[in-house]
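These are the residues of each chain, in order.
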Amino acid sequence: MNRRDYLRAIGATGVAGVVGSLASTTATAQSTLDEAAADERIHENQTGPLTVEVVDQDGTAISGASVDVEMQEHDFVFGTCVNAGALIDQYDDDEHPYRENILELFNTAVLENIHKWAVWEGNQSLADETVDWLAAHDFRIRGHTCIWGVDYTIPGDVQTAIDDGDAATIRERSLQHIEDIITHYGETVQEWDVVNEALHRGIIHDGVYPGQIDLDDLERGEVQPWRSPLLADWHAQAESVIDEHDLDVEICTNDYNTMTWSYARSRYAEQLEFLEGEGLRVDGIGLQAHIGPTIDSGEQWSFDVIDGVFEHYAQFDAAQRITEFDMAGDDWTGHEQRAEVFRQFLKTAYGHPNVDEFVMWGFWDNAHWLDEAPFFEEDWTEKPALDVYRDLVFDEWWTSESGTTDASGTYTVDAFLGDHEVTVTTDEESVTQTVSVTDSSAGQELTVTVAGGETTPTDATAVNAGGEGHESADGVTYVADEGYSTGSTYATSDPITGTDDDILYQSERYGEAFSYEFDLEPGTYDVQLHFAEIFHEADGERVFDVLVDGATAISDLDIHAEVGHDTALVRTVEDVSVADEPLAVSFDAVVDNAKVSAITIVPASTDEESERIELNGYHSQDTTGDGLYNDITGDGRTSFQDVVTFFEHLESETVQSNVEAFDFTGDGQVGFADLIALFEQI
């Protein structure tokens with residue numbers, strides 16, 4: 001919307017708004033939301049449990065590991081409109097505050113004018129350059145708009161057709177334009193307002209339905225633009241183009257006064273019902289939200305009132321999106337009042353289960369259509385609403401947590417939905433992985449493998465299955481694929497989670513049955529098998545066995561079920577004896593094909609520490625050399641957690657069949673007295 005049309009709209013709709021208010025029994029749907037309830041709803045709908053499991057290369061849980069979780073990006077859309085001329089021509093330095101603040105404050109952008117029909121056809125190169133800059137900086141991009149019935153956005157030949165009542169030309173040109181602009185950007189632009197302000201614009205319709213459109217009062221016309229066959233045709237064209245080209249692009253509506261005025265809420269519901277009745281898809285309901293301090297009834301905005309508007313549209317199966325938020329005008333008492341209303345809008349929108357975007361129509365006075373943006377004065381002086389935004393979006397709603405793994409090797413935190421960096425640190429190394437939490441109910445699980453330091457990299461025999469030679473981050477030299485019998489190769493360029501050596505996991509050898517042979521000096525070795533599921537995207541689609549020297553070492557391995565897609569998995573077969581014959585590692589399919597990404601063979605550890613006893617997932621050990629397994633949880637120390645775990649498994653078969661390991665009193669049996677004896681050690 002531009003300044004001239006906004007002022008014109010205020011005058012044209014003032015009477016209609018009053019009439020609509022009198023005709024409506026309630027301004028909004030009933031709601032009883034207050035700030036405490038809004039905060040509770042945010043926690044319910046915008047956070048999910050992130051569980052980090054830390055294991056060593058053998059899959060053994062590591063307790064006491066430090067875990068740091070730092071959010072990188074919100075899943076929720078926080079965006080702004082950008083002026084293409086300002087971004088590309090006027091402020092073409094990334095250090096200019098206009099660009100700096102776009103990059104720092106938002107994850108989504110919409111082009112203010114350059115995607116509007118006639119403007120785009122007249123300067124497509126500027127539009128493309130702007131989209132390219134945004135895409136290069138990983139922005140989600142809204143398309144605004146395919147069709148808008150305002151004079152400066154209507155191409156000259158189409159305006160001529162309108163004047164001549166040439167309905168065929170209007171239909172042909174508009175339908176072709178919808179196809180052209182959507183296919184031109186493909187999935188780089190993730191959503192499109194197909195028709196902007198259908199409730200208020202009748203110029204194009206007037207050319208298709210001459211004499212049936214009342215441009216002075218659209219409600220009184222024989223045909224209303226918000227429920228016309230032409231509107232249905234435009235939406236059907238967008239849907240058809242997206243489907244035909246197999247694009248992951250969303251279809252949206254967009255209009256103003258749809259939050260503030262009852263006449264617009266009523267019309268908008270009619271439009272959505274009409275499109276639904278025509279069997280047409282609507283993914284997003286755009287609510288422009290150019291607001292003053294009150295709604296049409298004179299009631300001031302509050303959590304309750306804002307939520308009531310969202311509930312009004314909650315009957316429709318589509319996400320609700322604040323698309324053009326600003327707070328211009330002289331009716332406000334000042335910036336503090338604006339900041340308070342802005343805080344209420346943000347909290348109510350962010351927590352509502354049907355709302356997934358909050359986009360502002362500019363943030364700086366000098367690049368705002370009414371010279372009165374929410375965040376910055378013309379000289380870049382910050383306004384109070386910016387403090388509200390930063391405090392909520394990048395502090396109160398930003399995950400920054402740390403802790404240590406428990407006895408089972410896990411650490412869980414309630415994370416805000418979005419992308420997070422997880423850093424796990426042990427005495428031996430630090431590993432950082434990225435994980436996305438996108439489901440508030442299911443949350444997300446992440447397994448981080450921390451490599452052990454028991455072997456010397458230079459002693460390793462290693463092959464990169466299906467790939468080229470590579471030296472790993474820990475100094476192991478992997479030769480190009482060799483020593484195999486049968487099988488085929490496959491590769492991907494996808495990044496691999498859970499490793500610093502993506503290249504090892506981006507290639508594979510696969511087949512129903514294949515094997516590798518290694519000529520080794522006689523001795524005892526550990527065989528490390530590297531996997532990543534780079535082809536299948538669901539559990540159960542690949543299952544296979546691994547045999548080492550003819551003996552089954554791993555049964556029914558389902559990589560995807562263990563770690564998911566494009567994620568590294570290392571399994572180690574320990575203490576493999578090699579005599580005079582080559583060592584054979586074989587892979588046999590159970591479901592689909594077996595596979596392997598890389599194989600590393602290292603001499604087995606010669607440490608003289610006692611063997612571990614597996615106790616319900618823990619690997620108990622003797623850390624003092626007296627033959628008693630004081631470290632019940634296997635975390636390298638004796639602590640209260642060991643006492644608790646020992647108590648929980650005191651009567652288990654494992655404990656009772658290993659009396660010599662758990663007889664802390666030396667009386668030849670294991671019982672409660674041994675629990676007390678272990679407790680006394682701490």
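Residues numbered from 1 in each chain as written. Predicted model: local features only at pLDDT ≥ 70, side-chain atom pairs only at ≥ 80, totals over all residues. Heavy atoms only, no water.

**Q** Please set out the overall build of the protein residue by residue, giving values where relevant.
**A** Tallying secondary structure elements over the protein gives 20 helices and 31 strands in all. Taking all 682 residues of the protein together, the buried fraction comes to 53%. Within the structure as shown, the protein displays about 28,600 Å² of accessible surface, and the carbon and sulfur contribution to it stands at 43%. (Helix = DSSP H or I, 4+ residues; strand = E, 2+ residues; numbered from the N terminus. Buried < 20%, exposed > 50% of the residue type's maximum accessible area, 1.4 Å probe, protein only. Areas by Shrake-Rupley, 256 points an atom, 1.4 Å probe, with all protein chains shown as cover.)

**Q** I'd like a description of the environment of Asp206, backed by residues and values.
**A** Among the structural elements, Asp206 can be located in helix α9 (residues 203-208). When its relative accessible area of 25% is taken as the criterion, Asp206 is described as partly exposed. Considered as a pair, Asp206 and Ala167 are 39 residues apart in the sequence and their alpha carbons are 9.2 Å apart.

**Q** Hey, could you go over the sheet that holds strand β26 (residues 568-578) for me, with residue numbers and the actual values?
**A** Pairing is mixed in the open sheet, where six strands are placed in the order β17-β18-β16-β29-β23-β26. The sheet terminates laterally at β17 (470-471) and β26, the two strands that pair on one side only. With six bridges connecting them, strand β23 (residues 523-532) and strand β29 (residues 598-603) associate as antiparallel partners. Counterpart to Gln528 in the pairing with β29 is Thr600. (Pairing = 2+ DSSP bridges.)

**Q** Go over the environment of Ser436 with me, naming the residues and quoting the values.
**A** Topologically, Ser436 is positioned in strand β14 (residues 430-437). Of the residues examined, Ser436 reaches a relative accessible area of 32% and is grouped as partly exposed. When the C-alpha atoms of Ser436 and Leu417 are compared, they prove to be 7.5 Å apart, with 19 residues separating the residues in sequence. Filtering out sequence-adjacent residues up to four positions away, Ser436 remains in contact with Gly418, Asp419 and Gln444. A polar side-chain atom of Ser436 sits 2.5 Å from a polar atom in the side chain of Asp419. (Contact = heavy atoms within 4.5 Å. Polar contact = N/O pair within 3.5 Å; in protein donor to acceptor, adjacent residues only side chain to side chain.)

**Q** Tell me about the packing of helix α12 (residues 303-313) against helix α13 (residues 335-351), and name the residues and values.
**A** The relative placement of two packed helices is expressed as an angle between their axes plus a distance between the axes. The interhelical angle for the contact between α12 and α13, taken along N-to-C directions, is 45°, at an axis separation of 9 Å. If you check the angle between α12 and α13, you find them oblique. α13 is crossed by α12, and the crossing has right-handed handedness. Judged by residue contacts, Phe303, Ile306, Asp307 and Phe310 of α12 engage Arg343, Gln344, Phe345, Lys347, Thr348 and Ala349 from α13. Residues of the contact of α12 with α13, tallied by class, amount to five nonpolar, two polar and three charged. (Axes fitted to C-alpha atoms, helices over the stretch in contact; angles between N-to-C directions. Parallel < 35°, antiparallel > 145°, perpendicular 65-115°, else oblique. Left-handed = near helix turned anticlockwise from the far one by under 90°. Nonpolar A, V, L, I, M, F, W, Y, C, P; charged D, E, K, R; others polar.)

**Q** Quick rundown of the nonpolar core? Include the residues and the values.
**A** Formed by 113 residues in total, the largest nonpolar core has its most connected members in Tyr98, Phe342, Phe358 and Phe375. If we skip the residues at most four places from it in the chain, Phe358 touches Phe76, Val77, Phe78, Gly79, Ile322, Phe325, Phe342, Phe345, Leu346 and Ala349. Of all hydrophobic cores here, the second largest spans 27 residues; its members include Val463, Ile554, Leu569 and Ile601. (Core = buried A, V, L, I, M, F, W, Y, C linked by side-chain atoms within 4.5 Å.)

**Q** Let's hear about the confidence of the model for the protein: which residues, and what values?
**A** In the predicted model, the protein carries a mean pLDDT of 90, and 92% of its residues have values of at least 70. Contacts from residues 452-458, a stretch scored under 50 in pLDDT, to residues over four places away or in other chains number nine contacts. (pLDDT = per-residue confidence, 0-100.)

**Q** Quick rundown of α12? Include the residues and the values.
**A** Extensive coverage of α12 is indicated by the burial of eight of its 11 residues. Where the residues of α12 are buried, they touch α2 (35-46), α11 (262-277), β8 (284-287), β9 (319-325), α13 and β10 (355-360).

**Q** Let's hear about the pattern of salt bridges: which residues, and what values?
**A** This model, assessed by the stated rule, comprises 36 salt bridges. Where Arg99 meets Asp94, a salt bridge forms, and the shortest distance between an N and an O atom there is 2.7 Å. Note on Asp94: relative accessible area 34%, which makes it partly exposed. Measuring nitrogen to oxygen at the nearest pair gives 3.0 Å for the salt bridge that ties Arg571 to Glu562. Owing to a relative accessible area of 26%, Arg571 belongs among the partly exposed residues under this scheme. By relative accessible area, Glu562 is classed as partly exposed at 41%. (Salt bridge = Lys/Arg side-chain N within 4 Å of Asp/Glu carboxyl O.)

**Q** Account for the pairing of strand β18 (residues 477-480), naming residues and giving values.
**A** Where a strand is regular, its side chains alternate between the two sheet faces. Direction of pairing for strand β16 (residues 461-464) relative to β18: parallel, over a ladder of two bridges. When the sheet's bridge partners are listed, Val463 is paired in β18 with Val479. Sheet topology note: the β17/β18 ladder contains two bridges and is antiparallel. Looking at the pairing, Glu471 lines up with Thr477 of β18. Turn length for the β17-β18 hairpin, with the two strands adjacent in sequence and antiparallel, is five residues, and the turn residue Gly475 shows positive phi of about 90°.

**Q** Report on the packing of aromatic side chains, specifying residues and quantitative values.
**A** Taken as a whole and assessed by the stated rule, the structure comprises 40 aromatic pairs. With a centroid separation of 5.5 Å and an interplanar angle of 10°, the aromatic rings of Tyr98 and Phe363 are classed as stacked. Here Phe363 lies in the loop between β10 and α14 (384-396) and Tyr98 lies in helix α4 (residues 97-105), a separation of 265 residues in the sequence. We note that Tyr98, like Phe363, is buried. Plain terms: the ring middles of Tyr516 and Phe518 are 6.3 Å apart, the flat faces sit at 15° to each other, and that makes the pair stacked. Phe518 shares its class with Tyr516; the two are buried. A cation over a ring is seen here: Arg509 above Tyr484, with NZ or CZ 3.4 Å from the ring centre. (Phe/Tyr/Trp six-rings, centres within 6.5 Å; stacked < 30°, edge-to-face > 60°. Lys NZ or Arg CZ within 6 Å of the ring centre and 35° of its normal.)

**Q** Tell me about the sheet that holds strand β20 (residues 488-491), and name the residues and values.
**A** Pairing in this open sheet of three strands is antiparallel, and the strands run β20-β21-β28 from one edge to the other. Of all strands in the sheet, those with a lone pairing partner are β20 and β28 (594-596), marking the two edges. Going from strand to strand, the sheet's axes swing by 30° on average, the running direction of each strand aside. By the bridge criterion, four bridges tie β20 to strand β21 (residues 507-511) in an arrangement that is antiparallel. What sits directly across from Ala491, in β21, is Ser507.

**Q** Can you tell me about α11, naming the residues and giving the values?
**A** Side chains three or four residues apart in an α-helix point the same way, a direct result of the helix having 3.6 residues per turn. Compared with the 22 Å implied by 1.5 Å per residue over 16 residues, the 22 Å span of α11 between its first and last C-alpha is a close match. Just past α11, the residue Gly279 takes up positive phi, approximately 75°. (Expected span 1.5 Å × (residues − 1).)

**Q** Just give me the short version of the pairing of β21, but keep the residues and values in it.
**A** Taken across its five residues, β21 has four buried, putting it largely inside the fold. Bridging between β21 and β28 involves three bridges; their strand directions are antiparallel. When the bridges of β28 are listed, Gly511 appears paired with Ala594.

**Q** Give a description of the packing of α4 against α14 that names residues and reports values.
**A** Contact geometry for α4 and α14: axes closest at 12 Å, N-to-C directions at 35°. Contacts from Asn101, Glu104 and Leu105 in α4 reach Leu386, Tyr389, Arg390 and Phe394 in α14. When grouped by side-chain class, the residues that make up the contact of α4 with α14 number four nonpolar, one polar and two charged.

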